[in-house]
Amino acid sequence: MNHMMSRPLLLLLSLISIVHCRNCKWLHPKQEYLNIQILQTFSQLTPPKEFDIVCHDYPTAQPNLERLYNITQVEAAALAVREVLNETIRFYRKHHESMGCKQQAWERFQQLLYYQIHQLEGCVPETGENDLLKNKISEQFQQWEKNVAEQDKASCAWDFIQDEIRRNLHLALQLSSRLRRQHLL
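An unreviewed UniProt entry lists the chain under the name Interferon a3, with Xenopus laevis as the source organism. The UniProt entry for the chain carries this comment under Subcellular location (unreviewed entry): "Secreted". Under the Sequence similarities (unreviewed entry) heading, UniProt states for the chain: "Belongs to the alpha/beta interferon family."

Engineer: Sorry, what's going on with helix α3 (residues 74-95) here?
Structural biologist: For an α-helix, 3.6 residues make a turn, and residues three or four places apart therefore share a direction. Counted at 1.5 Å a residue, the expected span for α3 with its 22 residues is 32 Å, and the 31 Å between its end C-alpha atoms agrees. A large share of α3 lies buried, amounting to 16 of its 22 residues.

Engineer: It is not clear to me how the environment of L120 should be interpreted in this structure. Could you clarify?
Structural biologist: With respect to the secondary-structure elements, L120 resides in helix α4 (residues 103-120). Each C-alpha atom, one on L120 and one on A78, is 6.2 Å from the other, the two residues being 42 residues apart in sequence. Among all residues touching L120, those that are not within four sequence positions of it are W26, A78, V81, R82 and L85.

Engineer: Sorry if this is basic, but what is going on with the state of the cysteines here?
Structural biologist: What is meant by a disulfide is a covalent connection between two cysteines, made through their sulfur atoms. Counted under the stated rule, the structure contains one disulfide. C24 shares a disulfide with C123; S-S distance 1.7 Å. Every disulfide takes its handedness from the sign of the S-S torsion; for C24 and C123 that torsion is 90°, giving right-handed. Taken together, the residues span a long stretch of sequence, with C24 in the loop between α1 (2-23) and α2 (31-43) and C123 in the loop between α4 and α5 (131-151) at a distance of 99 residues. Judged by relative accessible area, which is 0%, C123 ranks as buried.

Engineer: Explanation requested: the packing of α3 against α4 in the structure shown.
Structural biologist: Helix packing geometry: the angle between the two helix axes and the distance between the axes. Running from N to C, α3 and α4 point in directions that differ by 155°, and their axes come no closer than 10 Å. Between α3 and α4, the crossing angle belongs to the class labelled roughly antiparallel. Viewed along their axes, α3 and α4 form a crossing whose handedness is left-handed. Side by side, α3 and α4 meet where A78, V81, R82, L85, N86, T88, I89, Y92 and R93 of the first sit next to W106, F109, Q110, L113, Y114, Q116, I117 and L120 of the second. Grouping the constituent residues of the contact of α3 with α4 by class yields 11 nonpolar, four polar and two charged.

Criteria and cut-off values
- All residue numbers refer to positions counted from 1 along the written sequence of the respective chain.
- Given that this is a predicted model, residues contribute local features only at a pLDDT of at least 70 and side-chain atom pairs are listed and counted only at 80 or more, while totals for whole chains, interfaces and linings are drawn from all residues.
- Only hydrogens and water are removed before side-chain values are computed, so all heavy atoms of the structure are retained for them.
- UniProt positions are given in the numbering used here, feature names are shortened, and annotations may be inferred rather than shown by experiment.
- We count a stretch as a helix when DSSP gives it H or I for four or more residues in a row; a strand needs E for two or more, and each element gets its number in order from the N terminus.
- Expected span of a helix: the number of residues minus one, times 1.5 Å.
- Burial status follows relative accessibility: with a 1.4 Å probe on protein chains alone, a residue under 20% of its type maximum counts as buried, one over 50% as exposed, and anything between as partly exposed.
- Contacts: residue pairs with any heavy atoms within 4.5 Å of one another.
- Cysteine sulfur atoms are paired as a disulfide whenever they come within 2.5 Å of each other.
- For every element, the axis is a line fit to its C-alpha atoms; helices are fit only across the contacting stretch, and the angle between N-to-C directions ranges from 0 to 180 degrees.
- Convention used here: angles under 35 degrees read as roughly parallel, angles over 145 as roughly antiparallel, angles from 65 to 115 as roughly perpendicular, and any remaining angle as oblique.
- Here is the rule for handedness: rotate from the far helix to the near one, and if that takes an anticlockwise turn smaller than a right angle the crossing is left-handed, while a clockwise turn gives right-handed.
- As a working rule, the residues Ala, Val, Leu, Ile, Met, Phe, Trp, Tyr, Cys and Pro are called nonpolar, Asp, Glu, Lys and Arg charged, and the rest polar, with Gly in that last group.

Below you can see the structure in the form of structure tokens.
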């Protein structure tokens, strides 16, 4: 009897996940183009620099975040991507002028990130939060804020942070692509 009741429950749960994925615009294959646009616009934020300054005192070993992005569940992945995008927006909103970002590129970048966050809405339940994930990502951005304050806005700090944010965006967008491919199969 118990076994018979579990079949309808399993069927219902699988249907919920299928419907949930359909509402998740972030998983649609057309979103790959958005990933490309985000990375291209990010690369246009700051003008190319001639590296006269050697940044010997800057940390090169950063936490290994690859395992943070080794997520297979849609909701957890959507939460991770959303957190990276939100923290990126917060950081650049505060520092885009100090970093010498081109205004038009900053506005476009911000629009793309907000649009991607909007696409993630159907992928995350209203009560969805992952405090561990959120804290890890938030800690990293807080460390960068501290680096900026300690370095008195030195170009090495900006270059280092820009590289790390680029790395985070790449990892988050790779996670997006991987989950899209998984859900197409």
